Amino acid sequence: QVNVLTQHNNNARTGANLHETSLNSQNVSATSFGKLFEYKVTGQVYAQPLYASELDMGDKGIHNVVFVATMHNEVYAFDADDPLQALQPLWHINLGPSVPLPDAKIGIACGVYQDILQEIGILSTPVIDLSSNTIYVVAKTKESGNYIDRIHAIDLSTGMEKFGGPSVVQGTVTG
């Protein structure tokens, strides 16, 4: 099992998985390869799902885990192998109220969004750091009319916030 800890499999974002040993041209065809089961989530999924093998989930045991983040600011940890677990995540959290669309202040630089509907929350792919057992997620919220981007450091095993977070992402827009 090869971990997928960031977008497109590596920090270079090449999309190449040079350590794949199970899938090849002999065992992948239209008749032998396809969807095994699906996970139910709240919100649209724009971020790439991530995968960590043989992860210690505390009292839930060792699991191969798929992490899914949604535009509803939800993060899910699912067992990657057991279709009976597809309806019950290992853990699930909400990272605050997403920004409902349409919103006059969202997308003004590039016109009306054509591919994002309903809301904006977690758009970008999270990153997993196995050495600290952490998944880092950026979530956009709208609170009392203010737009806030926060980076969350979430424990892979429990779904709990780590390191005293979240932290507000601050910066200056120029142009």
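Residues numbered from 1 in each chain as written. Predicted model: local features only at pLDDT ≥ 70, side-chain atom pairs only at ≥ 80, totals over all residues. Heavy atoms only, no water.

Peer 1: Please explain empty space enclosed by the protein as it appears in this structure.
Peer 2: Once rolled over the atoms, a probe with the size of a water molecule shows which space is left empty. Tallying each qualifying case throughout the model produces 1 cavity of 30 Å³ or more. Of the volumes computed, that of the largest cavity is approximately 30 Å³. In terms of lining, the largest cavity is formed by Gln-48, Leu-50, Phe-67, Val-68, Ala-69, Val-75, Pro-126 and Ile-135. With 3 residues, the top contributor of residues to the lining of the largest cavity is strand S2 (residues 62-69). Each residue belonging to the lining of the largest cavity can be placed in one class, and the counts come to 7 nonpolar, 1 polar and no charged. (1 Å grid on protein atoms, 1.4 Å probe; cavity = no way out; pocket = protein on both sides within 12 Å on 5 of 7 lines; lining within 4 Å. Points joined across faces, edges and corners; volume = space filled by probe spheres on them. Helix = DSSP H or I, 4+ residues; strand = E, 2+ residues; numbered from the N terminus. Nonpolar A, V, L, I, M, F, W, Y, C, P; charged D, E, K, R; others polar.)

Peer 1: When you look at the nonpolar core in this model, what are you seeing that I'm missing?
Peer 2: Nonpolar side chains tend to gather and get buried jointly when the protein is soluble and globular. With 28 residues, the main nonpolar core has Phe-67, Val-75, Trp-91, Leu-95 and Ile-135 as its most contacted residues. For this core, the elements supplying multiple residues, two or more each, are strand S1 (50-56), S2, strand S3 (74-79), strand S4 (91-94) and strand S8 (134-143). Examining the composition of this core, we find that 5 residues originate from one element, S2, more than from any other. (Core = buried A, V, L, I, M, F, W, Y, C linked by side-chain atoms within 4.5 Å. Buried < 20%, exposed > 50% of the residue type's maximum accessible area, 1.4 Å probe, protein only.)

Peer 1: Which parts of the structure should I look at to understand unusual backbone geometry?
Peer 2: Cis peptide bonds are those with omega within 30 degrees of zero, and the linkage from Leu-101 to Pro-102 qualifies with 0°. Summarising the element assignment, Pro-102 is placed in the loop between strand S5 (99-100) and strand S6 (119-120). In the segment running from Gly-165 into Pro-166, the intervening peptide bond is cis, with an omega of 10°. Structurally, the position occupied by Pro-166 is in the loop between strand S9 (146-155) and strand S10 (167-168). A positive phi angle, near 50°, is found at Glu-54, a position not held by glycine. The exposure class of Glu-54 is exposed, given its relative accessible area of 64%.

Peer 1: Would you mind showing me how to read the pairing of S3 here?
Peer 2: Regular strands place side chains that alternate from one sheet face to the opposite one. Most of S3 is tucked away: 6 of the 6 residues are buried. The alternating pattern of S3 places Glu-74, Tyr-76 and Phe-78 and Val-75, Ala-77 and Asp-79 on opposite faces, both of which are buried. In this structure, S2 lies alongside S3, joined through 5 bridges in antiparallel fashion. Note on S3: the bridge partner recorded for Ala-69 is Val-75. Bridge count for S3 against S4 is 4 bridges, and the pairing is antiparallel. Paired with Val-75 across the strands is Ile-93, a residue of S4. (Pairing = 2+ DSSP bridges.)

Peer 1: I tried to follow the environment of His-63 on my own but got confused; where do I start?
Peer 2: Mapped onto the secondary structure, His-63 falls in strand S2. Sequence separation of His-63 and Ser-157 is 94 residues, and the distance between their C-alpha atoms is 9.9 Å. When residues no more than four places from it in sequence are discounted, the contact partners of His-63 are Ala-52, Ser-53, Glu-54, Leu-55, Met-57, Asp-79 and Leu-90. (Contact = heavy atoms within 4.5 Å.)

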